[in-house]
Amino acid sequence: MSTSLPLVFDAPKRATPPRHLADLDPAERKAAVTELGLPGFRADQLARHYFGRLTADLGEMSDLPAAARAQLGALLPPLVRTVKEQVCDDGQTRKTLWKGHDGTLAESVLMGYPDRATVCISSQAGCGMACPFCATGQGGLQRNLSTAEIVDQVRQAARKAQEGALGEPRRLSNIVFMGMGEPLANYKRVVAALRRITEPAPSGLGISPRGVTVSTVGLVPAIDKLAQEGLPVTLAISLHTPDDELRDTLVPVNNRWKVAEVLDAGRRYAQTTGRRISIEYALIRDVNDQPWRADLLGKLLRQRIGTKRVHVNLIPLNPTPGSEWDASPKPVEREFVRRVQAAGVSCTVRDTRGQEIDAACGQLAATART
Ligand code: SAH
């Protein structure tokens, strides 16, 4: 029945975004430029502008002849268009709501710290993992973001930081895949984006893999695969509780891969890449903040990963609309930290940025209304 409805009433959402320079590796870029009837070296020139000078504005590419510029525009379709920017924390937290070519909404957050500038990016519009404490998880998955949509969030943030959005001109040093979506459920595009982000300019954005963190609910086969990519990025595992009974509800994918399996994959990742694993733990009052859980967490991490290979990041829960859950009281939080540390495991509390503008962990819901 619905097939007879004219398409104009129902714009084709969820369509694959058009091909963009940042989707392509250097060989593919050359081929794409040749297809346009231009000499192959124009691909490098274009990449130098996009990845090196962080611009997608053809008007800024004065070394390219006007005719070539017009044609190369086909490789720079505007994919990530800012709809709204919200600022808090003295201008050091800046949330961008952006719209894809098909109207899909997603968010990124740029954060300035004394020693670094970090962007938190989305890998999917929405998320299919359905964690009950996370705002993004409540709306389900709209679609995967393309490689270029992921890379362009970084390119735009790097440009903003360079232009002084955080005060003085800053170099973007850290990327965290902690915005909307489950990065390892969009594996191929995320790995291509990681290559683009970490390859030196003009091939990529030249950000050190040490500054890049991929955060996952714990998709075990994908963790093992990522370890083999030769990309020594930091892996963060959203554990949130050390026992299967509670984790089955807090992180529903636990019904597929249990705590022990996820931690073992974490150990293999640390062994293969030489990088320390981060364990993310959103502390929720009277839900997962009991002393016995802190003790069990410390013990499991010591046994299964090893104290030198793991760090625990406690995130005070950011309450989301309609949820009765809240952050733990500070004394409970301090006791939790103390107990994890007593097991010999390093543990710190993450500073929560962007709460007032719904830009903190788990608050990204991408509504155009607010
Ligand atoms: N899907 C990935 C990355 C996105 S979320 C993952 O789950 O790891 C990044 C982190 O924010 C995750 O650790 C997630 O569990 C946490 N988070 C989600 N909702 C939160 C909330 N309301 N308060 C605090 N942390 C939250």
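Residues numbered from 1 in each chain as written. Predicted model: local features only at pLDDT ≥ 70, side-chain atom pairs only at ≥ 80, totals over all residues. Heavy atoms only, no water.

1. Side note on the UniProt feature "binding site: S-adenosyl-L-methionine" (unreviewed entry) in the protein
Working step 1: Per the UniProt annotation, the sites labelled "binding site: S-adenosyl-L-methionine" (unreviewed entry) are G181, E182, S215, S238, L239, H240 and N318.
Working step 2: Along the chain, the position of E182 falls in the loop between β7 (174–177) and α6 (187–198).
Working step 3: When neighbours within four sequence positions are excluded, E182 is seen to be in contact with S123, Q124, C127, M129, S215, T216, V217 and L219.
Working step 4: Its place among the elements puts S215 in strand β8 (residues 212–216).
Working step 5: For S215, the residues in contact, after removing those within four places along its chain, are F177, M178, E182, P183, A236, S238 and E280. (UniProt positions renumbered as here; feature names shortened; annotations may be inferred. Helix = DSSP H or I, 4+ residues; strand = E, 2+ residues; numbered from the N terminus. Contact = heavy atoms within 4.5 Å.)

2. Some points on the pairing of strand β3 (residues 105–112)
Working step 1: Counting buried positions along β3 yields eight of eight residues, so the element is predominantly enclosed.
Working step 2: Of the two faces of β3, the one carrying L105, E107, V109 and M111 and the one carrying A106, S108, L110 and G112 are both buried.
Working step 3: Where strand β2 (residues 93–99) folds back on β3, the antiparallel hairpin that results is connected by five residues, among which G103 adopts a positive phi of roughly 90°.
Working step 4: The pairing of β3 with strand β4 (residues 117–120) spans four bridges and is antiparallel. (Buried < 20%, exposed > 50% of the residue type's maximum accessible area, 1.4 Å probe, protein only. Pairing = 2+ DSSP bridges.)

3. Examining helix α1 (residues 26–35)
Working step 1: Residues R29, A32 and V33 constitute the buried set of α1. Buried positions in α1, seen along its axis, are confined to an arc of 95° and lie on one side of it. For α1, the exposed residues set more than 90 degrees away from the buried face come down to A27 and E35.
Working step 2: Once α1 finishes, G37 follows within two positions and takes phi at roughly 90°, a positive value. (Arc of directions from axis to C-beta.)

4. Let's talk about the packing of α1 against helix α2 (residues 41–52)
Working step 1: Here α1 crosses α2 at 120°, and the two axes come no closer than 8 Å. Put simply, α1 runs oblique to α2. The crossing of α1 and α2 is right-handed. For the pair α1 and α2, the contacting residues are R29, K30 and V33 in the first and R42, A43, A47 and F51 in the second.
Working step 2: Taken together, the residues of the contact of α1 with α2 break down into four nonpolar, no polar and three charged. (Axes fitted to C-alpha atoms, helices over the stretch in contact; angles between N-to-C directions. Parallel < 35°, antiparallel > 145°, perpendicular 65-115°, else oblique. Left-handed = near helix turned anticlockwise from the far one by under 90°. Nonpolar A, V, L, I, M, F, W, Y, C, P; charged D, E, K, R; others polar.)

5. A short note on the domain arrangement of the protein
Working step 1: On domain assignment, one finds that the protein holds domain 1 (21–75) and domain 2 (81–369).
Working step 2: If you look at the interface, domain 1 gives 17 residues, while domain 2 gives 16 residues.
Working step 3: Remark: the boundary between domain 1 and domain 2 carries one salt bridge.
Working step 4: A salt bridge links R159 to E60, with the shortest nitrogen-to-oxygen separation between them at 3.1 Å.
Working step 5: On the surface where domain 1 and domain 2 come into contact, there are eight residue pairs in polar contact (both at pLDDT 80 or more).
Working step 6: The dominant element in the side of domain 1 that touches domain 2, judged by the number of residues it contributes, is α2, at six residues.
Working step 7: A breakdown of the residues in the side of domain 1 that touches domain 2 according to their chemical character gives eight nonpolar, two polar and seven charged. (Domains from an automatic or database assignment. Salt bridge = Lys/Arg side-chain N within 4 Å of Asp/Glu carboxyl O. Polar contact = N/O pair within 3.5 Å; in protein donor to acceptor, adjacent residues only side chain to side chain.)

6. Digging into the site of the ligand
Working step 1: For the ligand, the set of nearby residues contains 20 residues, the closest of which are F133, S215, S238, H240 and N318.
Working step 2: At 2.9 Å from a nitrogen atom of the ligand is found a main-chain nitrogen or oxygen belonging to F133.
Working step 3: Take N318: an N or O atom from its main chain is 2.8 Å from a nitrogen atom of the ligand.
Working step 4: When the free accessible area of the ligand is taken as 530 Å², the share hidden by the protein chains comes to 96%.
Working step 5: For the shell around the ligand, the secondary structure elements donating two or more residues are β8 and β10 (277–283).
Working step 6: Residue composition of the shell around the ligand, by class: nine nonpolar, nine polar and two charged. (Near = heavy atom within 4 Å. Areas by Shrake-Rupley, 256 points an atom, 1.4 Å probe, with all protein chains shown as cover.)

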